[in-house]
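This is what each chain is made of:
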Amino acid sequence: MINSRYQWRFPEVSNQKAIKTLSETFGITELIAKILVNRGYDTVEAANAFLRPELSGLHDPFLLHDMDKAIERLMQAIDSGQKIIVYGDYDVDGMTSTAIMTWALELMGANVNYFVPSRFSDGYGPNLANYQKLAAEGMQLLVTVDNGVSGKDEIAWLMAQGIDVIVTDHHELPEELPVATAIVHPRHPEGSYPFGGLSGAGVAFKVVSALLEEPADEVLDLAALGTVADVMSLTGENRIIVKQGLESLKLDPRPGVAALLAAAGTQLSDIDSSTIGFTIAPRLNALGRLENATTGVQLLLMDEPEEAKPLADHVNALNQERQQLVTKITTAAQEQATQLSEDPVLVVAGENWHEGVLGIVASKLVEQTGKPTIVLNVNDDEMKGSGRSVAAFDLFTALDGHRDLMTTFGGHASAAGMTVPTNNLTALRAALRDEAAQQQLATAQKADMQIATTVTAADFTKENFDNLQVLAPFGEGNPEPLFMLDLRGVNQVKTMSEGKHLRFIAQTDTDQLPVVAFGWGNQASALAGHFSSLQIVGTMSQNSYRGNISYQLMLRDMSAKGAAILDWRTSHLTKQTFSKPVTYVFFKEKHLQQLAAYVDPAAQALMWQDALQTSNIQTMVLVDLPDSLDQLQTLLQTSTPGRLAPMFYVQSPVYLQKVPSKQVFSNVYKFVLSFKDINLQTQFDAMVKHLKISNMTLKLILKVFLEAKFVTIDNGVLNAVPNPTPMKLTQTQTFQRFMAQRDLEQQLIYSTTAELETLLMKLSKQES
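Residues numbered from 1 in each chain as written. Predicted model: local features only at pLDDT ≥ 70, side-chain atom pairs only at ≥ 80, totals over all residues. Heavy atoms only, no water.

**So, the overall build of the protein**
Then, number 1: On a plain count of helices and strands, the protein comes out with 27 helices and 27 strands.
Then, number 2: For the protein, the C-alpha radius of gyration of 36 Å lies well beyond 27 Å, the compact-globule estimate for 768 residues.
Then, number 3: Principal-axis analysis of the C-alpha atoms places the extent of the protein at approximately 130 × 65 × 50 Å.
Then, number 4: Across the 768 residues of the protein, 50% fall into the buried class.
Then, number 5: Taking all contacts inside the protein whose residues are at least 6 apart in sequence as the whole, residues at least 24 apart take part in 65%.
Then, number 6: Separation of charge centres in the protein, based on 60 positive and 85 negative side chains, amounts to 17 Å. (Helix = DSSP H or I, 4+ residues; strand = E, 2+ residues; numbered from the N terminus. Rg over C-alpha atoms; globule rule 2.2 N^0.38 Å. Buried < 20%, exposed > 50% of the residue type's maximum accessible area, 1.4 Å probe, protein only. Contact = heavy atoms within 4.5 Å. Lys, Arg positive; Asp, Glu negative; His and termini not counted. Charge placed at Lys NZ, Arg CZ, Asp CG, Glu CD.)

**Quick notes on the sheet that holds strand 13 (residues 453-454)**
Then, number 1: On the basis of which strands lie adjacent, the open sheet formed by 7 strands has the order 13-14-18-19-17-16-15 and mixed pairing. Looking at the sheet topology across the chains shown, the edges are occupied by strand 13 and strand 15 (489-496).
Then, number 2: Bridge count between strand 15 and strand 16 (residues 501-507): 6 bridges; the pairing is antiparallel. When the bridges of strand 16 are listed, lysine 494 appears paired with arginine 503. (Pairing = 2+ DSSP bridges.)

**Re the pattern of salt bridges**
Then, number 1: Counting across every chain of the model gives 13 salt bridges.
Then, number 2: Aspartate 164 serves as the salt-bridge partner of arginine 73, at 2.6 Å between the closest nitrogen and oxygen. With arginine 73 in helix 4 (residues 67-80) and aspartate 164 in strand 5 (residues 164-168), this residue pair connects regions lying 91 residues apart in the sequence.
Then, number 3: Under the relative-accessibility criterion, aspartate 164 is labelled partly exposed at 22%. (Salt bridge = Lys/Arg side-chain N within 4 Å of Asp/Glu carboxyl O.)

**Side note on the packing of aromatic side chains**
Then, number 1: Applying the stated criterion to the full structure yields 15 aromatic pairs.
Then, number 2: A centroid spacing of 5.9 Å and a plane angle of 50° characterise the contact between phenylalanine 665 and phenylalanine 705, whose relative ring orientation is tilted. With phenylalanine 665 in helix 23 (residues 662-674) and phenylalanine 705 in helix 25 (residues 695-708), the pair connects residues that are 40 residues apart, well separated along the chain. Residues phenylalanine 665 and phenylalanine 705 agree in their burial class; the two are buried.
Then, number 3: Here the aromatic residues Phe665, Tyr669, Phe705, Phe710, Phe735 and Phe738 are joined through ring pairs into a cluster of three or more.
Then, number 4: Stacked on the ring of tryptophan 520, the Lys or Arg arginine 5 has its end atom at 3.6 Å from the ring centre. (Phe/Tyr/Trp six-rings, centres within 6.5 Å; stacked < 30°, edge-to-face > 60°. Lys NZ or Arg CZ within 6 Å of the ring centre and 35° of its normal.)

**A look at the side chain of glutamine 523**
Then, number 1: Checked against the element boundaries, glutamine 523 lands in the loop between strand 17 (512-517) and helix 19 (524-527).
Then, number 2: Those residues within four positions of glutamine 523 in sequence are excluded, and the remaining contacts are Ile2 and Leu502.

**Describing helix 12 (residues 273-290)**
Then, number 1: Under the 1.5 Å per step criterion, the end-to-end length of helix 12 is 25 Å for 18 residues, consistent within 8% with the ideal 26 Å.
Then, number 2: Alanine 281 marks the point of greatest bend in helix 12, at about 40°, and the proline proline 282 comes within the next four residues.
Then, number 3: Summarising burial for helix 12: 15 of the 18 residues are buried, a large majority. (Expected span 1.5 Å × (residues − 1). Bend = angle between axes of the 7 residues up to and from the residue.)

**So, helix 11 (residues 255-264)**
Then, number 1: The complete set of buried residues in helix 11 reads Pro255, Gly256, Val257, Ala259, Leu260 and Leu261.
Then, number 2: At the exit of helix 11 stands glycine 265, carrying a positive phi of roughly 75°.

**Some words on unusual backbone geometry**
Then, number 1: Residue alanine 472 is joined to proline 473 through a cis peptide bond whose omega torsion reads 5°.
Then, number 2: Topologically, proline 473 is positioned in the loop between helix 18 (462-468) and strand 14 (483-487).
Then, number 3: Look at glutamine 492: it is not a glycine, yet its phi comes out positive at around 55°.
Then, number 4: With respect to the helices, strands and loops of the structure, glutamine 492 is situated in strand 15.
Then, number 5: Here lysine 709, not a glycine, exhibits a phi torsion of approximately 60°, which is positive.
Then, number 6: Mapped onto the elements of the fold, lysine 709 is located in the loop between helix 25 and strand 26 (711-714).

**As for the nonpolar core**
Then, number 1: Ranked by size, the top nonpolar core spans 91 residues in total, and within it Leu74, Met101, Leu105 and Leu299 carry the most contacts.
Then, number 2: With 49 residues, the next largest nonpolar core counts Tyr41, Val455, Val490 and Trp520 among its residues. (Core = buried A, V, L, I, M, F, W, Y, C linked by side-chain atoms within 4.5 Å.)

**Observations regarding the side chain of glutamine 552**
Then, number 1: Within the secondary structure layout, glutamine 552 lies in strand 19 (residues 548-561).
Then, number 2: Among all residues touching glutamine 552, those that are not within four sequence positions of it are Phe460, Leu513, Pro514, Val516, Thr539, Met540, Ser541 and Asn543.

**Some remarks on the sheet that holds strand 26**
Then, number 1: The strand order 25-27-26 describes an open sheet built from 3 strands, whose pairing is antiparallel. What marks the edges here is a single partner per strand, and that holds for strand 25 (678-679) and strand 26.
Then, number 2: Bridge count between strand 26 and strand 27 (residues 717-720): 4 bridges; the pairing is antiparallel. Considered in strand 27, the bridge of valine 711 is made with alanine 720.
Then, number 3: Relative to the sheet, helix 23 contacts strand 25, strand 26 and strand 27, its axis offset from that of strand 27 by approximately 105°. (Axes fitted to C-alpha atoms, helices over the stretch in contact; angles between N-to-C directions.)

**A short note on the packing of helix 11 against helix 12**
Then, number 1: Relative orientation of the contacting elements helix 11 and helix 12 amounts to 105°, with a least axis distance of 11 Å. For the element pair helix 11 / helix 12, the angle class is roughly perpendicular. On the side of helix 11, the interface is formed by Val257, Leu260, Leu261 and Ala264, while helix 12 contributes Thr275, Thr279, Ile280, Arg283 and Leu284.
Then, number 2: Class assignment of the residues belonging to the contact of helix 11 with helix 12 gives a composition of 6 nonpolar, 2 polar and 1 charged. (Parallel < 35°, antiparallel > 145°, perpendicular 65-115°, else oblique. Nonpolar A, V, L, I, M, F, W, Y, C, P; charged D, E, K, R; others polar.)

**A short note on the pairing of strand 11 (residues 415-421)**
Then, number 1: The buried count for strand 11 comes to 5 of 7 residues, which makes it a mostly enclosed element.
Then, number 2: As paired elements, strand 9 (residues 382-388) and strand 11 share 7 bridges and run antiparallel to each other. Following the sheet pairing, arginine 388 is matched in strand 11 by alanine 415.
Then, number 3: Inspection of the sheet shows strand 10 (residues 408-411) paired to strand 11 by 4 bridges, in the antiparallel sense. Bridged to glycine 410 within strand 11 is glycine 417.

Structure below.
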């Protein structure tokens with residue numbers, strides 16, 4: 001069995017009239033129209049705004065709170081040559097915001113410079129020591145980008161010194177805002193801006209558009225980078241910014257971005273929102289995580305390709321270092337997570353774990369385990385780190401009541417950062433166990449996954465893929481449509497990237513489909529088996545290789561019912577047979593006693609009765625043959641392993657024996673009747689040779705005769721009983737047991753794999 005990571009939802013769209021209207025109006029398929037209606041674009045006007053995101057759809061920037069004050073003060077500073085400092089942040093949204101604002105002010109002839117804080121020495125947001133240093137260096141106007149609303153006290157100090165402050169930000173608003181010259185924020189409580197979901201770069205774009213008195217299309221690419229990298233909803237103005245920004249990136253990328261793409265091996269024609277999320281943003285973020293994000297702003301503002309290339313190469317190399325660090329720390333963290341498997345919230349800690357990547361590692365563990373995770377770097381008596389959570393667990397609330405265990409702490413429901421005294425590690429784990437119980441994490445429902453419709457492999461075509469692109473760019477708030485496929489099976493299961501990822505061929509009723517599954521490497525062995533039912537969910541993807549274009553599914557989730565059945569049947573047992581870290585189940589106690597010593601220390605060996613009481617068996621190997629199908633059924637209906645691997649070893653299979661005919665029975669009886677006092681110990685082989693039958697057949701017949709009282713065996717001496725009571729020999733218990741064993745072996749050992757799978761599923765009450 002493979003449990004889905006999400007609760008699958010199939011929206012029912014009852015407004016068929018709207019679907020038909022949109023399909024006819026925009027010349028799109030009914031599937032695309034259905035997706036639009038389901039996402040709330042159920043009128044021609046709403047769908048038109050979504051499908052045709054033009055610059056004309058942007059709101060007037062002066063609708064933003066304090067925009068008039070901000071522009072007036074900026075123009076005053078520009079005209080009088082005052083020294084302006086743009087104060088940014090070390091993530092991609094902060095870098096792009098800084099670059100946008102600096103570019104516009106330089107264009108207007110301002111005396112401007114920028115400052116990007118260090119993640120390690122300065123931390124996020126307003127920093128009084130930095131403000132004081134900048135003031136001492138002659139700063140006369142501070143413009144914050146992608147930060148500032150949380151800096152009440154720090155900004156108060158600047159204003160008291162006669163240094164004006166313009167705050168441009170998009171983060172959560174505190175209860176008490178700073179007193180500043182202007183606060184430009186799309187969700188300001190005194191404002192009424194129509195779209196509150198702008199990124200920091202989006203807010204900076206609106207400010208410079210107001211400054212230039214027209215949409216600043218020259219920096220739409222930077223605004224798009226910040227919007228996607230900060231995982232903002234790609235709806236409303238953000239959709240316009242990202243759509244137009246991506247076009248800008250494709251047609252005329254700025255030298256720094258072009259150099260980054262070249263270093264990553266990405267073609268301009270392939271650029272989409274995922275290029276930002278998985279290629280550009282991780283590389284720029286590597287600067288803030290390992291060095292200083294100031295380099296990122298420099299790269300984004302460069303005009304000359306020759307200058308950009310070495311810097312982009314450095315950034316690319318830094319990203320590779322970041323990837324190596326993440327891999328190394330994740331591996332160590334996974335080992336700890338295994339040891340803490342009973343904890344509902346994972347708290348792992350290690351020495352020399354680079355603090356700049358701990359958030360990434362936490363995210364990876366959440367993805368792999370489904371558990372909220374905190375990853376900490378131990379530095380003597382203090383630990384610093386980051387936490388990531390799942391939808392069902394509010395991490396901020398869980399930690400907020402235990403501030404006494406932490407030196408510093410901040411964050412929100414899904415992510416947090418903290419400093420913890422090393423001695424408090426055990427107490428923190430215990431506190432989070434209690435919080436998980438309080439929030440009923442164990443019984444929480446899985447997060448929902450919205451699935452557009454069910455398709456087959458035959459639906460993965462150029463026409464359908466191209467139709468889907470009218471919904472792009474995809475991202476937060478506008479995810480790629482997900483499709484479900486019912487599979488008959490999979491084949492060619494292969495791992496990638498040292499077992500982290502998978503690729504396989506999915507078989508539907510109509511055709512085959514390539515599937516790429518990032519982060520699903522741990523399911524490789526399970527997929528090698530066969531299930532009673534198997535469904536996969538993913539997005540439609542285009543793959544180009546050496547000029548050939550094909551279509552594949554990028555896996556997002558899967559579900560399989562019934563244990564994965566792995567056909568390991570064998571007629572030979574060796575030491576290697578018992579070398580796997582699995583659960584070996586025996587039906588015969590003598591076999592367990594003989595073979596237990598060969599079982600790998602990481603595995604376990606159980607009698608079948610004990611297996612009934614054992615939970616969470618991942619792979620159950622049925623070593624020998626059960627006494628009956630009823631016995632096997634009891635085991636399969638009680639135990640629910642993830643994978644079932646029947647070996648069904650039998651030392652001397654009876655299925656290979658011929659069923660003795662009436663004539664053979666008669667020949668043996670006549671032989672015994674003709675001779676007296678046959679010594680079975682010395683004359684058995686001679687009997688076999690004379691009667692021209694096998695040892696096994698003769699043993700069976702003699703047992704049948706003994707039960708029917710046709711013969712006597714006294715101290716190994718065989719004699720016939722003259723004139724025995726007539727009876728049908730095939731009705732003896734001995735012969736019936738022989739035929740039952742023969743039938744059992746035929747069904748379990750000598751059946752085809754497909755026949756065995758069907759039988760085992762039936763015995764498990766999982767009909768195929």
